[in-house]
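Topology and contacts: notes
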Amino acid sequence: RKEVEQDPGPFNVPEGATVAFNCTYSNSASQSFFWYRQDCRKEPKLLMSVYSSGNEDGRFTAQLNRASQYISLLIRDSKLSDSATYLCVVSHPNQAGTALIFGKGTTLSVSS
Amino acid sequence: GAGVSQSPSNKVTEKGKDVELRCDPISGHTALYWYRQSLGQGLEFLIYFQGNSAPDKSGLPSDRFSAERTGGSVSTLTIQRTQQEDSAVYLCASSLAGVWNEQFFGPGTRLTVL
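Residues numbered from 1 in each chain as written. Chains lettered and ligands numbered in written order. Predicted model: local features only at pLDDT ≥ 70, side-chain atom pairs only at ≥ 80, totals over all residues. Heavy atoms only, no water.

Focus: the side chain of Arg37 of chain A
Residue and element names in this part refer to chain A. In this structure, Arg37 sits in strand β4 (residues 33-38). At 2.9 Å, the side chain of Arg37 forms a polar contact with the side chain of Asp39. In this view, Arg37 contacts Glu43, Pro44, Lys45, Leu47, Ser81, Asp82, Ser83, Ala84, Thr85 and Tyr86; residues no more than four positions away in its chain are not counted. (Helix = DSSP H or I, 4+ residues; strand = E, 2+ residues; numbered from the N terminus. Polar contact = N/O pair within 3.5 Å; in protein donor to acceptor, adjacent residues only side chain to side chain. Contact = heavy atoms within 4.5 Å.)

Have a look at this one:
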């Protein structure tokens, strides 16, 4: 099982649609979780951290289920500008310290 | 303020040559990370520096790869005897101490090994 798995997509949705992305992680000791956004040929940028109680930032809602080792991102009222690749990121304790493991990303394309 | 900067932005080299990639983190950020991203792939963790602690080198793919961080600021990633499979975008990120903090990425160095 890969450490962080995401459905690669692409997800093609019309403007205004609601879309949800899922992510699973394999290491039960992981403690920090994030969603990053990466535009084409650009560097990743933090979209939001994911907290145990779930959190919302405008049109974006992130959920964490530790028991199922599952993270989700919900985008409501999609905009053209939401088109990007969304990366699920999980902290991964190892013998040397703690690293961040990035999923391969889910590609979203919002069309008018 | 200035973000993370990387140089060069592009590097083309011949197989077998050594290359050095540079990263200037955001001032005050004690944590520095190197990743690489191959075409169509996710980010692959390479190495992590935190303050004066020994770096986490667990992601380095082979002993041809090494990195150092001088004075707790600028970092250099060195790839010796480059191979074609080393071709990728090498991304540097910095953050405040702790993996729970937001990582700020540089624009990356696109390495092409011919």
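Points about the state of the cysteines
All names here are of chain B. Following the criterion strictly, the structure yields two disulfides over all chains and no others. Here Cys23 engages in a disulfide with Cys92; their sulfurs sit 1.8 Å apart. Residues Cys23 and Cys92 are joined through a disulfide that is left-handed, its torsion about the S-S bond being -65°. Taken together, the residues Cys23 in strand β3 (residues 19-24) and Cys92 in strand β8 (residues 88-95) connect sequence positions 69 residues apart. Side by side, Cys23 and Cys92 carry an identical accessibility label, which is buried. (Disulfide = S-S within 2.5 Å. Buried < 20%, exposed > 50% of the residue type's maximum accessible area, 1.4 Å probe, protein only.)

A word on the interface of chain A and chain B
Counting residues at the interface gives 19 residues for chain A and 18 residues for chain B. Interface area for chain A against chain B, summed over the two sides, is near 1,600 Å², with a carbon-plus-sulfur share of 57%. Taken together, chain A and chain B are joined by zero salt bridges. Counting only elements with at least two residues in the side of chain A that touches chain B, the list comes to β4, β9 (84-94) and β10 (97-102) of chain A. The leading source of residues in the side of chain A that touches chain B is β10 of chain A, at five residues. For the side of chain A that touches chain B, the class distribution of residues is nine nonpolar, seven polar and three charged. (Buried area = accessible area lost by both parts, 1.4 Å probe. Salt bridge = Lys/Arg side-chain N within 4 Å of Asp/Glu carboxyl O. Nonpolar A, V, L, I, M, F, W, Y, C, P; charged D, E, K, R; others polar.)

Structural notes on the pairing of strand β5 (residues 43-50) of chain B
Residues and elements named next belong to chain B. Of all eight residues in β5, seven are buried, a share of seventy percent or more. Judged from the seven bridges that link them, strand β4 (residues 31-37) and β5 form a sheet pairing that is antiparallel. Its bridge partner being in β5, Leu32 is matched across the sheet by Phe49. (Pairing = 2+ DSSP bridges.)

Notes on the sheet that holds strand β7 (residues 60-65) of chain A
Residue and element names in this part refer to chain A. The strand order β1-β3-β8-β7-β6 describes an open sheet built from five strands, whose pairing is antiparallel. Whereas interior strands pair on both sides, the edge strands pair on one side only; in this sheet they are β1 (4-6) and β6 (55-57). Across the sheet, the mean angle separating the axes of adjacent strands is 20° when strand polarity is ignored. Summarising the sheet, β7 and strand β8 (residues 70-75) pair through six bridges and their orientation is antiparallel. Within β8, the position partnered with Gln63 by the bridge is Ser72. (Axes fitted to C-alpha atoms, helices over the stretch in contact; angles between N-to-C directions.)

Structural measurements only, silent on function.
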